[in-house]
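Structure at a glance
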Amino acid sequence: MNRVKKVKSTFSIKDLENISGIKAHTLRIWEKRYNLLSPKRTETNIRRYSLLSLQKLLNITLLYKHGYKISKIAGIDNAELPKVVLDVTLKSNSEQVSINALKLAMINFDSVLFDVTFDEILTKNDFTFIYVNVFLPLMNELGILWQTNAISPSHEHFLTNLIKQKIHIQNEKAQKNLTPKDKDKVFVLYLPENEVHELSILFLNYYILIHGFKTIFLGQSLPTESLENIFSVNQNLVFVTHLTVEPNKDVIDSYLLNFYELILKNSTTELAILGPQQLNINLTMLPDKINLFNSVLSFQAKYFKTDVFT
């Protein structure tokens, strides 16, 4: 019988190393010399750390990586530590400090800290910068933490949905402010069947809108056959997708051949593919009108006909 996995409430020292980035050897020294953490021990003398200990360590790590000496951090009262961290976060220009603050928000299931951190970054940078330099590295870290069982799926889902909320808000603003450069050209954004990793395609929709082009956003897990209906609205289309895990390596080539036959063969449209799954495509079998891109910059260079940002 499948059981719902509970939120982790205790952590090994290896978990703490993976989440904080501080080596286990260093953590033991801090523990012994400064009494920063107080783990419980199992009957076999293995350290187990509470959620409160992990939260405290993330605060300590954030200050430490921002230049605070560990001896100074040890002198900060536990009740004052979160206030000092918040002050440092709001004044910092470091993306890593922001990432650590968002990880702390995740561990605490603290949407207020997430919002405060995001709003402060947004006062200094545009949303594209935040997505590329904060959200993407953060999600890459979370993927590793989830795979190593350092965090639970509920942590990942909590943070992913907060990020998704921010992208939706930016999409709505961009849609309202859109003045199309080319009223006839439309980008159709979708994910293939069984592909549910939606963050990247949501960001691509925003990215296309802010560069002055109309979009039709269809979302996740769509059969290829259903895309034929779009031609009744417009013939000057560019289909855009981001392949994270699907179609898998065993079927991706046949998927693209089928897409070509159904959608591209008798039309003037194209398919633009981004995402890691494109590495499994057999380039010798790649049909015409299908273009692969390793970044939004290469995508922009082809379709927007403007200078790429740096």
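Conventions used here
- Residues numbered from 1 in each chain as written.
- Predicted model: local features only at pLDDT ≥ 70, side-chain atom pairs only at ≥ 80, totals over all residues.
- Heavy atoms only, no water.
- Core = buried A, V, L, I, M, F, W, Y, C linked by side-chain atoms within 4.5 Å.
- Buried < 20%, exposed > 50% of the residue type's maximum accessible area, 1.4 Å probe, protein only.
- Helix = DSSP H or I, 4+ residues; strand = E, 2+ residues; numbered from the N terminus.
- Contact = heavy atoms within 4.5 Å.
- Salt bridge = Lys/Arg side-chain N within 4 Å of Asp/Glu carboxyl O.
- Arc of directions from axis to C-beta.
- Phe/Tyr/Trp six-rings, centres within 6.5 Å; stacked < 30°, edge-to-face > 60°.
- Lys NZ or Arg CZ within 6 Å of the ring centre and 35° of its normal.
- Pairing = 2+ DSSP bridges.
- Patch = residues over 30% accessible without salt bridge, like charges linked within 9 Å, V, L, I, M, F, W, Y side chains within 5 Å.
- Areas by Shrake-Rupley, 256 points an atom, 1.4 Å probe, with all protein chains shown as cover.

Another aspect to go through is the nonpolar core. With 72 residues, the main nonpolar core has Phe-135, Ile-163, Phe-187, Val-240 and Phe-299 as its most contacted residues. Among the elements that line this core, the one with the most residues is helix α10 (residues 199-210), at nine residues. Ignoring sequence-local partners within four residues, the contact set of Val-240 consists of Phe-187, Val-188, Leu-189, Tyr-190, Ile-201, Leu-204, Ile-208, Leu-271, Ala-272, Leu-274 and Phe-299. Counting 21 residues, the second largest nonpolar core, distinct from the first, contains Tyr-190, Leu-237, Ile-263 and Leu-264.

Now for the environment of Leu-37. With respect to the element layout, Leu-37 can be found in the loop between α2 (24-34) and β2 (40-41). What makes Leu-37 buried here is its relative accessible area of 6%. In the structure, Leu-37 is positioned 13 residues away from Ser-50 in sequence and 9.7 Å away in space, judged by C-alpha atoms. Not counting chain neighbours up to four residues away, the residues in contact with Leu-37 comprise Leu-16, Glu-31, Tyr-49, Ser-53, Lys-56 and Leu-57.

Within this structure, the stated rule accounts for eight salt bridges. Residue Lys-166 is joined to Asp-115 by a salt bridge in which the shortest nitrogen-to-oxygen separation is 2.8 Å. Taken together, the residues span a long stretch of sequence, with Lys-166 in helix α9 (residues 153-176) and Asp-115 in helix α7 (residues 111-122) at a distance of 51 residues. By relative accessible area, which is 10% here, Lys-166 ends up buried. By relative accessible area, which is 28% here, Asp-115 ends up partly exposed.

Turning next to α2. Those residues of α2 lying buried are Ala-24, Leu-27, Trp-30 and Glu-31. Projected onto a plane normal to the axis of α2, the buried residues spread over an arc of 115° and lie on a single side. Exposed positions of α2 whose direction lies more than 90 degrees from the buried face are His-25, Lys-32 and Arg-33. Along its buried surface, α2 packs onto α1 (13-20), β2, β3 (47-50), α3 (51-65) and α4 (70-74). Following α2 by one or two positions, Asn-35 adopts a phi angle in the positive range, close to 55°.

Time to look at the packing of aromatic side chains. Under the counting rule described, the total for this entry stands at 25 aromatic pairs. An angle of 75° between the planes, with centres 5.0 Å apart, marks the rings of Trp-30 and Tyr-64 as edge-to-face. With Trp-30 in helix α2 and Tyr-64 in helix α3, this pair connects stretches of sequence that are 34 residues apart. We classify Trp-30 as buried; its relative accessible area is 6%. Pairing Phe-187 with Phe-213 gives two aromatic rings, centres 5.7 Å apart and planes at 80°, and the pair type is edge-to-face. Here Phe-187 is found in strand β4 (residues 186-192), whereas its partner Phe-213 is found in the loop between α10 and β5 (214-222), with 26 residues between them in sequence. This pair shows no difference in class: Phe-187 is buried, exactly as Phe-213 is. Note that Lys-302 overlies the ring of Tyr-303, its terminal NZ or CZ placed 5.5 Å from the centroid.

All right, on to the sheet that holds β3 then. Taken together, three strands build an open sheet; the order of strands is β1-β3-β2 and the sheet is antiparallel. The open sheet has two edge strands with one neighbour each: β1 (10-11) and β2. Where β2 lies against β3, two bridges are found, and the strand directions are antiparallel. If you follow Lys-40 over to β3, its bridge partner there is Arg-48.

Another aspect to go through is a nonpolar patch on the surface. A cluster of nonpolar side chains, contributed by Leu-86, Val-112 and Val-116, occupies part of the molecular surface with about 220 Å² of accessible area. In this fold, Leu-86 is placed in helix α5 (residues 81-91). Residue classification places Leu-86 among the partly exposed positions, given a relative accessible area of 33%.

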